[in-house]
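The residues making up each chain are set out below.
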Amino acid sequence: VYVQYDYDSEVDFSNYNTYSFYQPDIDKVEISDLDKKRILKSLDIGLKTKGLERSSSPDLLVTFETKSKERVYVNNYLPYGWYPFSYNYPYSSGYSRVQGTLYVSLIASKNQQLVWQGQGVGVLVEYSNNRDKMVNTGSSTTGSSTPGSGDGVLEVSITKLDSPACTSCPSA
């Protein structure tokens, strides 16, 4: 999983203590309700680990969206050696994978401005036996101070909130 994030450097994240999920945006996301539930649970755990509390009058609105695209890979193999002693015949092979992107956004509720956004990109496995692990529902390393220490997209994204580059961001 490849993860990156960005944030508004003029924002003092210590002013944010509460959050709520922005349901109208989340309802529009075209994934299964079970996957939405997994993502929301992981976000909830990650934000609570950072010291934020869920509230009906939040400082931050949390939302996410997903995108996917099919990536096609083609390998061409050419013979090597000289005629009549060349080895192998030229042939091609190919395969495809679905690449998924999860965007997590934190929006200041007072002015409706985006203050933080994380993005995780990875290969989607539609028939995975452990979809919870793919999304990361409650791993104990969610609050770790080492970015990239976990397996899930959300784990890594939320962990980035306390990276050295984000000194004013909330920490665990």
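Higher on the page you've got the structure.
Cut-offs used in this document
- Each residue is numbered by its place in its chain's sequence as written, counting from 1.
- With pLDDT at 70 or above as the cut-off, local features in this predicted model cover only qualifying residues; side-chain atom pairs require 80 or more to be listed or tallied, and sums for whole chains, interfaces and linings still use all residues.
- In computing side-chain values, all of the structure's heavy atoms are included and hydrogens and water are not.
- Pairing of aromatic rings covers Phe, Tyr and Trp, the last through its six-membered ring, and needs centres within 6.5 Å; plane angles under 30 degrees mean stacked, over 60 mean edge-to-face, and all others mean tilted.
- Residue exposure (1.4 Å probe, protein chains only): buried if accessible area is under 20% of the type maximum, exposed if over 50%, otherwise partly exposed.
- Starting at the N terminus, helices and strands are each numbered in turn, a helix being any DSSP run of H or I of at least four residues and a strand any DSSP run of E of at least two.

Enquirer: Honestly, the packing of aromatic side chains in this entry has me stumped. Any pointers?
Expert: Two descriptors summarise a pair of aromatic rings, namely the distance from one centre to the other and the angle between the planes of the rings. All told, the structure shown has 6 aromatic pairs when counted by the stated rule. Look at Y7 and F13: their rings are 6.4 Å apart centre to centre, the planes differ by 70°, and that puts the pair in the edge-to-face class. Aromatic side chains Y19 and F21 sit 5.8 Å apart centroid to centroid with 75° between the ring planes, which places their arrangement in the edge-to-face category. For Y19, a relative accessible area of 0% gives the class buried. Overall, the relative accessible area of 8% leaves F21 in the buried class. Of the aromatic side chains, those joined through ring pairs into one cluster are Y5, Y7, F13, Y16 and W116.

Enquirer: Help me understand the environment of K50, please; the structure alone is not making it clear to me.
Expert: Relative to the helices and strands, K50 resides in the loop between α2 (33–49) and β3 (53–54). In this structure K50 comes out as buried when scored by relative accessible area, which is 3%. Residues K50 and N17 lie 33 residues apart in sequence; the distance between their C-alpha atoms is 9.5 Å.

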